[in-house]
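These are the residues of each chain, in order.
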Amino acid sequence: MSGRENRKAKPMIEIDRPTDRDLTRDELREIARQIAENPSLWSEHVAHDPSQRTYAELLRDDHLDVWLICWSQDHDTGFHDHDASSGAVAVVDGAVREERLALGGEPTRRVARAGDAFDFGAADIHRVLHHGDRPAVTVHVYSPPLVRMGSYLVEDDGTLQRHSVSYEEELRPLESATS
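Residues numbered from 1 in each chain as written. Predicted model: local features only at pLDDT ≥ 70, side-chain atom pairs only at ≥ 80, totals over all residues. Heavy atoms only, no water.

**Q** Summarise the nonpolar core; cite the residues concerned and give the values.
**A** Judged by nonpolar contacts, the single largest core of 22 residues is most densely connected at I35, L64, V66 and V141. Breaking this core down by element, the ones donating at least two residues are α1 (25-36), β1 (54-60), β2 (65-71), β4 (86-93) and β9 (136-143). Among the elements that take part in this core, α1 stands out by supplying five residues, more than any other. With sequence-adjacent residues up to four places away left out, V66 is seen in contact with I35, A56, E57, L58, L59, V139, H140 and V141. In this structure, A112, V128, M149 and V165 belong to the second largest nonpolar core, which totals 18 residues. (Core = buried A, V, L, I, M, F, W, Y, C linked by side-chain atoms within 4.5 Å. Buried < 20%, exposed > 50% of the residue type's maximum accessible area, 1.4 Å probe, protein only. Helix = DSSP H or I, 4+ residues; strand = E, 2+ residues; numbered from the N terminus. Contact = heavy atoms within 4.5 Å.)

Okay, here's the thing in structure tokens:
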């Protein structure tokens, strides 16, 4: 995840969860909420930069990956998938908008505000964008832990192109070579 300050937290945060297997989407949504409701686990990592998202990895083990992400106006992941990982997002402060690609029409959209959480499967293609006029803070959890993601470019003619990226790279909207 180049282009940002990645401040590593303690290697392990204590949360109530299964530790011997990958987690379900329902479990991930609950864990994201549990972490979001406990600022002592993440508050020292909150920092906003108008030019880029800032984030910190809070936990990574064999079955779970947890990140805190801070958003400002115009921040956008671009369309992406999470390869083999399902995930969930809990909004701590502010708001983000999730858009999911839909064949034959406009992406579906939903706004998640402080206190809201949503989940997604490994095969879902979505993007997350800052929403509103104040900074946002979100907790993201993935199981199994992220290894790589697919970043998508939607060409003017509707053609969809997937580009594989490491979980360590910052997701940004892709631009067409013809742009």
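**Q** Summarise the pattern of salt bridges; cite the residues concerned and give the values.
**A** Inspection of every chain in the model, using the stated rule, returns 20 salt bridges. Between R162 and D81 there is a salt bridge, and its shortest N-O distance comes to 3.0 Å. Here D81 lies in strand β3 (residues 80-81) and R162 lies in strand β11 (residues 160-166), a separation of 81 residues in the sequence. The salt bridge involving D124 is made with R100; its shortest N-O contact spans 3.1 Å. Linking D124 in the loop between β7 (117-120) and β8 (126-131) with R100 in strand β5 (residues 95-100), this pair joins segments that are 24 residues apart in sequence. For D124, a relative accessible area of 21% translates into the label partly exposed. Salt bridges sharing partners connect three or more residues here, namely R25, D26, R29, E98, R100, R110, D119 and D124. (Salt bridge = Lys/Arg side-chain N within 4 Å of Asp/Glu carboxyl O.)

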